[in-house]
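Reading the structure
Residues per chain, in single letters:
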Amino acid sequence: MKRRYLHLIIPAAALLATGCSDPATPEAEDDLGPLTGMPDGTRETETPGDIPANDPEPDQTQAWEITVREFGPFDPATPYTPEAIGAALPGYELVESELETEGSPYPVTMAMPRGASEPVIVVAGIPGADLIFAVAVREPGKIANAAGRIGQTYGEARFEGMTCWPGAEERSGDVVCLDPRNSAVGYWLSPEGYEGPDGELPPADVLADAVIYEIRWTPPAE
């Protein structure tokens, strides 16, 4: 089974453009629905991150909310600096690193619970600027009012009518669907066992069983 690392690669036809424009959400709306959570009226159990030894325990009982301009503690004005990211992600061990896409490196900050071997949140920066490029979340329950939960299938999340694209590069074979309420938010899904043609969406029955494994936010332009 393919391991899906937190590479923040965004298909040009899909999420890359959202970093250069405002979310596709009516201006009259100022949030993305009820704070109680899911479209089906339920709220997923939260999974707080762990904390480094000897640090005071922060309050992580509140899951993130998505609004037109915000993704939990992040908004378009949040700078890509250690201080800002540390303040946004209390209780996680933060590791600064670098990833690469098409031969171009970019900085990332990986957030991991204590003792974890892989990050559950990754914040990517724009090279040469203190700007956030994207925030990727794979922690179940971290986002309260997402259109679909991590671990749900496309069919369970009621994604019918969403605009979706096939993944590329490290995400080849996967699918990304944009939130109809806010095109800055995308949901990455894995159609397990599907080996269809690269660059094409899987058939409807395969897509229905694809599992959400990541929720991604690309800040809209100020």
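Notes on the structure follow. (Residues numbered from 1 in each chain as written. Predicted model: local features only at pLDDT ≥ 70, side-chain atom pairs only at ≥ 80, totals over all residues. Heavy atoms only, no water.)

1. As for the nonpolar core
Just so we agree on the cut-off: Grouping buried Ala, Val, Leu, Ile, Met, Phe, Trp, Tyr and Cys residues that are joined through side-chain atoms within 4.5 Å yields what is termed a nonpolar core. Classification of residues uses two cut-offs on accessible area relative to the type maximum, computed with a 1.4 Å probe and protein chains only: under 20% is buried, over 50% is exposed, and between them is partly exposed. The numbering of helices and of strands both runs from the N terminus, where a helix is a DSSP run of H or I of at least 4 residues and a strand a run of E of at least 2.
With 36 residues, the main nonpolar core has Phe71, Phe74, Leu89, Ile121, Val135, Phe159 and Tyr187 as its most contacted residues. Here this core gets four residues from one element, more than from any other, and that element is strand β7 (residues 182-190). Tyr106, Val108, Val122 and Ala124 belong to the second largest nonpolar core, which has six residues in total.

2. Topic: the packing of aromatic side chains
Two aromatic rings, taken as a pair, are described by how far apart their centres are and by the angle between their planes. Our working definition: For Phe, Tyr and Trp, rings pair up if their centres lie within 6.5 Å, where Trp contributes its six-membered ring, and each pair is then called stacked (planes under 30 degrees apart), edge-to-face (over 60) or tilted (otherwise).
According to the stated counting rule, one finds five aromatic pairs in the structure shown. Centroid distance tryptophan 64 to phenylalanine 71: 5.7 Å. Interplanar angle 75°. Geometry classified as edge-to-face. Classification of phenylalanine 71 by relative accessible area gives buried; the value is 0%. Ring plane angle 5° and centroid distance 5.8 Å describe the contact between phenylalanine 71 and tryptophan 217, whose orientation is recorded as stacked. With phenylalanine 71 in the segment before α1 (82-88) and tryptophan 217 in strand β8 (residues 211-217), this pair connects stretches of sequence that are 146 residues apart. Here phenylalanine 71 matches tryptophan 217 in class, with each residue buried. An aromatic cluster is present here, built from Trp64, Phe71, Phe74 and Trp217 joined pairwise through their rings.

3. Things to note about the pattern of salt bridges
The test is simple: Note on definitions: salt bridges are taken to be side-chain nitrogens of Lys or Arg within 4 Å of carboxyl oxygens of Asp or Glu.
All told, the structure shown has three salt bridges when counted by the stated rule. Across the salt bridge formed by glutamate 214 and arginine 171, the nearest N and O atoms sit 3.1 Å from each other. In this pair, glutamate 214 is assigned in strand β8 and arginine 171 in the loop between β5 (163-166) and β6 (175-179), connecting sequence segments 43 residues apart. The exposure class assigned to arginine 171 is buried, which follows from its relative accessible area of 1%. A cluster of three or more residues bridged by salt bridges with shared partners is formed by Arg138, Arg171, Glu214 and Arg216.

4. A few points about the pairing of strand β1 (residues 93-101)
Short version of the rule: For two strands to count as paired, DSSP must find a minimum of two bridges between them.
In this sheet, strand β2 (residues 104-112) lies alongside β1 in antiparallel orientation, the contact comprising nine bridges. Along β2, the bridge assignment pairs glutamate 93 with methionine 112. Count of turn residues in the β1/β2 antiparallel hairpin: two residues, of which glutamate 102 carries a positive phi of about 50°.

5. Examining the sheet that holds β2
Threshold: Only the stretch in contact is used when a helix axis is fitted, and all axes are lines through C-alpha atoms; the angle between N-to-C directions ranges over 0 to 180 degrees.
With respect to topology, eight strands assemble into an open sheet ordered β1-β2-β3-β4-β8-β7-β6-β5, the strand pairing being antiparallel. The sheet terminates laterally at β1 and β5, the two strands that pair on one side only. Here the average twist between neighbouring strands, direction ignored, is 25°. With five bridges joining them, strand β3 (residues 121-125) and strand β4 (residues 132-137) adopt antiparallel strand pairing. When the bridges of β4 are listed, valine 123 appears paired with valine 135.

6. A short note on the environment of glutamate 160
Its location among the elements puts glutamate 160 in the loop between β4 and β5. Judged by its relative accessible area of 65%, glutamate 160 falls in the exposed class. Considered as a pair, glutamate 160 and alanine 208 are 48 residues apart in the sequence and their alpha carbons are 9.0 Å apart.

7. Thoughts on the state of the cysteines
Defined simply, a disulfide is a covalent bond joining two cysteines at their sulfur atoms. Rules: The rule for a disulfide is simple: a pair of cysteine sulfur atoms within 2.5 Å.
Tallied over the full model, the rule gives one disulfide. The disulfide partner of cysteine 164 is cysteine 177, and the S-S distance across this bridge is 2.0 Å. Residues cysteine 164 and cysteine 177 are joined by a disulfide whose S-S torsion is about 105°; by sign, that bridge is right-handed. Placement of cysteine 164 in strand β5 and of cysteine 177 in strand β6 is noted, with a sequence separation of 13 residues between them. Per residue, the accessibility class of cysteine 164 equals that of cysteine 177, and both read buried.

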